[in-house]
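The primary structure of each chain is shown beneath.
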Amino acid sequence: MAPAKVNLFLHVGPPGADGYHPLVSLAVFADVGDRVSVTRADTFRFKTAGPFAARINGGPNLIETGLDAMANAVGRDRLPVHVQLDKRLPVAAGLGGGSSDAATAMKAARDVLGLDLDDTALTRIAEPLGADMAMCLAARPVIARGRGEVLSPAPSLPDIHAVLLNPGVPSPTGAVYRAYDEAPRPAADAPDMSAGLASTAELVDWLERTRNDLETPAIGLTPLIGTALEVAASAPGTLLARVTGSGATVFALFETAEAARSAADALSQARPDWWAASCRLT
């Protein structure tokens, strides 16, 4: 599985001289995501299937880009693997789907082919592919800094029960950052970090002192994200609702798995044209 990435908070600073935005974020991973299969083959092949496959067919794909970067690193034109992507997550959704797909495919291709590339080497190869790549290669709760490539362990966390809700519209990251840049911004500050959060109540209390700096510009560009945020916040049992990444997905936190499942079912019935999934975030 290529797990969905969720930014529980995302503090973003103004771009530096290199054009990149420094950030501080607590990233966690869900037990829902896409599926990636990698098998040894005579030549490289890449196929897609799944409910959101049509949204990515016909354009450049980060899986191919990542695997070609690996091939270049080991002196090959292309890696001799067959890759099958079952695309189950919405596209341009703030869930790091493309990055998680690429990270999962890169690790699987390394293992299938027995390539002499450790995790540090893979991270170095993947770094130019985007800010989410390092954390998606780690695929565990982390505090991300810099452009997203500087990782440190997250505080110890309780089981986090959540609903992911996507209103069926894309939210392109580049456009959201350009909208973010239209207003003066402070530096990307880090909240006071606790060594551990023992309960959902403690986690929510801590997160309420944080924010997602891309939430407002994302809603400004795509008002339906704001509607989804309001719908998620008003679901029975919601403790905290927030946009993840640059949208368009929002997450809502709940005390129990049962409360999250009940909310996801109700949201799916009320908004059948949206995508909703209950999950565990750790």
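Residues numbered from 1 in each chain as written. Predicted model: local features only at pLDDT ≥ 70, side-chain atom pairs only at ≥ 80, totals over all residues. Heavy atoms only, no water.

### Brief notes about the overall build of the protein
Piece 1. The helix and strand tally for the protein stands at nine helices and ten strands.
Piece 2. Here the C-alpha atoms of the protein give a radius of gyration of 18 Å, agreeing with the 19 Å that 2.2 N^0.38 yields for 282 residues.
Piece 3. Each principal axis of the C-alpha distribution contributes one length, and for the protein these read about 55 × 45 × 35 Å.
Piece 4. Out of the 282 residues belonging to the protein, those deemed buried represent 50%.
Piece 5. Summarising the internal contacts of the protein: among those between residues at least 6 apart in sequence, 74% fall at separations of at least 24.
Piece 6. Surface summary for the protein: the accessible area is close to 12,200 Å², and the carbon and sulfur share equals 50%.
Piece 7. Put simply, the protein has 24 plus and 31 minus side-chain charges, and the middle of one group is 5 Å from the middle of the other. (Helix = DSSP H or I, 4+ residues; strand = E, 2+ residues; numbered from the N terminus. Rg over C-alpha atoms; globule rule 2.2 N^0.38 Å. Buried < 20%, exposed > 50% of the residue type's maximum accessible area, 1.4 Å probe, protein only. Contact = heavy atoms within 4.5 Å. Areas by Shrake-Rupley, 256 points an atom, 1.4 Å probe, with all protein chains shown as cover. Lys, Arg positive; Asp, Glu negative; His and termini not counted. Charge placed at Lys NZ, Arg CZ, Asp CG, Glu CD.)

### Re the pairing of strand S1 (residues 2–12)
Piece 1. Among the eleven residues in S1, eleven count as buried, and that is most of the element.
Piece 2. Note: S1 against strand S2 (residues 23–40), nine bridges, orientation antiparallel. By the bridge assignment for S2, Leu10 is matched with Ser25. (Pairing = 2+ DSSP bridges.)

### Some words on unusual backbone geometry
Piece 1. Between Gly247 and the following residue, Ala248, the backbone shows a cis peptide bond with an omega angle of 15°.
Piece 2. Summarising the element assignment, Ala248 is placed in the loop between strand S8 (240–243) and strand S9 (250–254).
Piece 3. In this structure, Ala92 is a non-glycine residue whose phi angle is positive, near 55°.
Piece 4. Along the chain, the position of Ala92 falls in the loop between strand S4 (81–86) and helix H2 (97–113).
Piece 5. Although it is not a glycine, Ala139 adopts a positive phi angle of roughly 55°.
Piece 6. Relative to the helices and strands, Ala139 resides in the loop between helix H4 (133–138) and strand S5 (142–145).
Piece 7. In this structure Ala139 comes out as partly exposed when scored by relative accessible area, which is 31%.

### Regarding the layout of surface pockets
Piece 1. Estimated volume of the largest pocket: approximately 1,200 Å³.
Piece 2. Along the wall of the largest pocket there are 45 residues; nearest its centre are Ser99, Gly130, Ala131, Asp132 and Thr173.
Piece 3. Elements supplying a minimum of two residues to the lining of the largest pocket: S1, S2, helix H1 (62–73), H2, H4 and helix H5 (173–180).
Piece 4. Sort the elements by how many residues they give to the lining of the largest pocket and H2 lands first, with four residues.
Piece 5. Classifying every residue of the lining of the largest pocket gives 21 nonpolar, 17 polar and seven charged.
Piece 6. Along its surface, the second largest pocket is lined by Lys107, Asp119, Leu122, Thr123, Ala134, Leu137, Ala138, Arg140 and Leu151.
Piece 7. Looking at the lining of the second largest pocket, the elements with two or more residues in it are helix H3 (119–126) and H4. (1 Å grid on protein atoms, 1.4 Å probe; cavity = no way out; pocket = protein on both sides within 12 Å on 5 of 7 lines; lining within 4 Å. Points joined across faces, edges and corners; volume = space filled by probe spheres on them. Nonpolar A, V, L, I, M, F, W, Y, C, P; charged D, E, K, R; others polar.)

### Overview of the side chain of Thr200
Piece 1. Secondary-structure assignment places Thr200 in helix H6 (residues 200–207).
Piece 2. For Thr200, the residues in contact, after removing those within four places along its chain, are Pro158, Asp159, Leu239, Phe254 and Glu255.

### Details of the side chain of Thr244
Piece 1. Take Thr244: it is sitting in the loop between S8 and S9.
Piece 2. Reaching out from Thr244, the side chain makes a polar contact with the backbone nitrogen of Asn7 at a distance of 2.9 Å.
Piece 3. Each residue touching Thr244, except ones within four places of it in the same chain, is listed here: Lys5, Val6, Asn7, Ala93, Gly94, Leu95, Asn212, Thr249, Val250 and Phe251. (Polar contact = N/O pair within 3.5 Å; in protein donor to acceptor, adjacent residues only side chain to side chain.)

### A look at the pairing of strand S10 (residues 275–281)
Along any regular strand, the residues point their side chains to alternate faces of the sheet.
Piece 1. Burial along S10 is one-sided: Trp275, Ala277, Cys279 and Leu281 are buried, and none of Ala276, Ser278 and Arg280, which face the opposite way, are.
Piece 2. Pairing of strand S7 (residues 160–166) with S10, which is carried by seven bridges, proceeds in the antiparallel orientation. In the strand pairing of S10, Asn166 is matched with Trp275.

### Notes on H2
Side chains of residues three or four places apart in an α-helix project in the same direction, reflecting 3.6 residues per turn.
Piece 1. The end-to-end C-alpha distance of H2, which contains 17 residues, comes to 24 Å, matching closely the 24 Å that a straight helix rising 1.5 Å per residue would cover.
Piece 2. By the criterion of burial, H2 is predominantly enclosed, with twelve of the 17 residues buried.
Piece 3. Of the residues making up H2, those classed as buried are Gly97, Ser99, Ser100, Asp101, Ala102, Ala103, Thr104, Ala105, Met106, Ala109, Arg110 and Leu113.
Piece 4. Note on H2: the residue one or two positions beyond its end, Gly114, has a positive phi of about 65°. (Expected span 1.5 Å × (residues − 1).)

### Here we look at the nonpolar core
Piece 1. Ranked by internal contacts, the top residues of the largest apolar core, which has 60 residues, are Leu67, Met70 and Leu79.
Piece 2. If you tally residues by element for this core, the top one is H2, at six residues.
Piece 3. Setting aside residues up to four positions removed in sequence, Leu67 forms contacts with Phe44, Leu79, Val81, Val83, Ala105, Met106 and Ala109.
Piece 4. In this structure, Val28, Phe52, Leu95 and Leu240 belong to the second largest nonpolar core, which totals 30 residues. (Core = buried A, V, L, I, M, F, W, Y, C linked by side-chain atoms within 4.5 Å.)

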